[in-house]
Amino acid sequence: MFENLTTRLSRVLDSIRGQGRLTEDQVNAAARELRMALLEADVALPVVKEFIDKVKVRALGAEILQSLTPGQQFLKVVQQELTETLGGNAEPLNLRQQPPAIILMAGLQGSGKTTSTGKLALWLKEREKKNVVVVSADVYRPAAIEQLRIVAGNVGVEWFPSEVGQQPVAIAQAALAHAKKQYADVLIVDTAGRTTVDEAMMKEIAELHAALNPVETLFVVDSMTGQDAAKTAKAFGDALPLTGVILTKVDGDSRGGAALSVRQVTGRPIKFLGVGEKSDRLEIFHPDRIANRIIGQGDVLGLIEETARKVDHEKAQKLAEKLKKNKGFDLADFREQMLQMQNMGSMQSILEKLPGGAQMQEQIKSVDAEKQIRRTVAIINSMTPQERRFPDLIKASRKRRIAAGAGVEVQQVNQLLRQYETTKDMMKKFAGGGMAKMMRSLAGRLPPGMMPRR
Ligand SMILES: Nc1nc2c(ncn2[C@@H]2O[C@H](COP(=O)(O)OP(=O)(O)OP(=O)(O)O)[C@@H](O)[C@H]2O)c(=O)[nH]1
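Labelled according to an unreviewed UniProt entry, the protein chain appears under the name Signal recognition particle protein, originating from Solimonas fluminis. The Subcellular location (unreviewed entry) comment attached to the protein chain in UniProt states, word for word, "Cytoplasm". UniProt, in the comment section headed Subunit (unreviewed entry), describes the protein chain in these words: "Part of the signal recognition particle protein translocation system, which is composed of SRP and FtsY. SRP is a ribonucleoprotein composed of Ffh and a 4.5S RNA molecule."

Below, the structure is given as structure tokens:
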């Protein structure tokens, strides 16, 4: 999300040289560059001003660690201030209400409300083990009600029916009565979007709010709109007791101005990030981890959590056992690794969380990693089980048959076999021990084009 800012920041840091304490000149020069970078990222002006002032004060302050180089000192200050600007601590969803806890979703048209309702429902169901009911109070567009029905079906939560022509408040009350009867833990109410935060929208939401007394009122906003996202959220928050913001389409936003502005401009926390169209592309907003991502240190904790969630532990365990018993790593295992990698989500979201990932993203933009994974799997699929088990059998004529079956050139089959050999060697080297597990999972997570060559 913050590729541009991260790249600019690394240049600022590179320009701070020497030893000892940061000098005033160094701080002023770096602050000037940083200010430009934040403005380019479309961060709201008052937020930029306050941020730069605080960075200057802190960088010249007494508590700086003298053992760090001036560049590291500046980096540390920026990291601390970014964390503050982003909200300090993560603010989880508050569900402390007599069940069903009600979550009211609001936002402009197309901001991603319905998609986020589905994501949140899935998150609550899978991560919090909650029984969720969703309902649409969008009585203007039958398509919106239908969209929520489909989304709810996809994530496996209950959808309460509603119709155009009904009153939003009546829909919400009927859904609440139903949710109570079902002993649901959470009721999420999706509402109609408008093109601006206007009187009609506010009146309708205020009525819903009064009737439901939701424990969470979340404003869904598109991060691509930059600082305007913060302004719209503020207009909304001024009129209603907003409890948090969901920032969507973060996967398509290389600037990050919205994320950096929302907290300061609205005074309300960002609770979640929408990072893709699929229902599982929702992340909890952790200010400190995001700050680390911006300064180019990645979010290794986030990556580990995501890996732990998405990797099929049973299969991973079986593979580990097999390696321990020296049974060898065959092409079927290699394919399994590739399939697990696909489960992890887009390469972009993985790279964003690796230290130095922003720069790597630039470098591999031309490599369509996901396409390569699909091709690798297709090639292995066109082999016989025996060939997968004993890859040495694959000589010229078999290679031609496999290539024809997968619709690729023989050269690409050769390339895959080399990549498999490299991975196998790495697996062998690291089999057993704690480090081994980590290396195995990392090796399995890199796309074929990025694997070390022999
Ligand atoms: N890439 C990406 N696309 C998203 C994300 N969230 C939503 N979208 C897309 O944005 C578009 C609009 O999302 P909706 O959920 O329909 O938006 P809405 O706010 O309910 O729209 P209305 O019902 O018209 O008010 C859809 O094409 C979604 O797939 C996200 O985090 N990343």
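Bringing the sheet that holds strand E7 (residues 270-274) into the picture now. Within the open sheet, the eight strands sit side by side as E3-E2-E4-E1-E5-E6-E7-E8. Their pairing is mixed. Both edges of this open sheet fall to strand E3 (158-160) and strand E8 (282-284), since each of them pairs with a single strand only. Ignoring which end each strand starts from, the neighbouring axes of this sheet average 25° apart. Packed on one face of the sheet, helix H6 (residues 142-155) meets strand E2 (132-136), E3 and strand E4 (186-190) and runs near 165° to E2.

Here we come to the pairing of E7. If a strand is regular, its side chains alternate between the two faces of the sheet. The element E7 is extensively covered by neighbouring structure, given that five of its five residues are classed as buried. Here strand E6 (residues 244-248) pairs with E7 via three bridges, running parallel. Paired with Ile246 across the strands is Phe272, a residue of E7. What joins E6 to E7 is helix H10 (residues 257-266), and the crossover it makes is right-handed. Here E7 pairs with E8 via three bridges, running antiparallel.

The terminal C-alpha atoms of helix H7 (residues 168-181) lie 20 Å apart, and with 14 residues this matches the ideal 20 Å at 1.5 Å per residue to within 8%. Among the residues making up H7, those that are buried are Pro168, Ile171, Ala172, Ala175, Leu176, His178 and Ala179. Summarising the axial view, the buried residues of H7 lie within an arc of 165°, below the 170-degree limit, and thus occupy one face. Those residues of H7 that are buried are in contact with strand E1 (101-107), E2, E3, E4 and helix H8 (199-212). Phi turns positive, to about 55°, at Tyr183, one or two residues after H7.

Criteria and thresholds
Residues numbered from 1 in each chain as written. Predicted model: local features only at pLDDT ≥ 70, side-chain atom pairs only at ≥ 80, totals over all residues. Heavy atoms only, no water. UniProt positions renumbered as here; feature names shortened; annotations may be inferred. Pairing = 2+ DSSP bridges. Helix = DSSP H or I, 4+ residues; strand = E, 2+ residues; numbered from the N terminus. Axes fitted to C-alpha atoms, helices over the stretch in contact; angles between N-to-C directions. Contact = heavy atoms within 4.5 Å. Buried < 20%, exposed > 50% of the residue type's maximum accessible area, 1.4 Å probe, protein only. Right-handed = clockwise from strand over helix to strand, strands pointing away. Expected span 1.5 Å × (residues − 1). Arc of directions from axis to C-beta.

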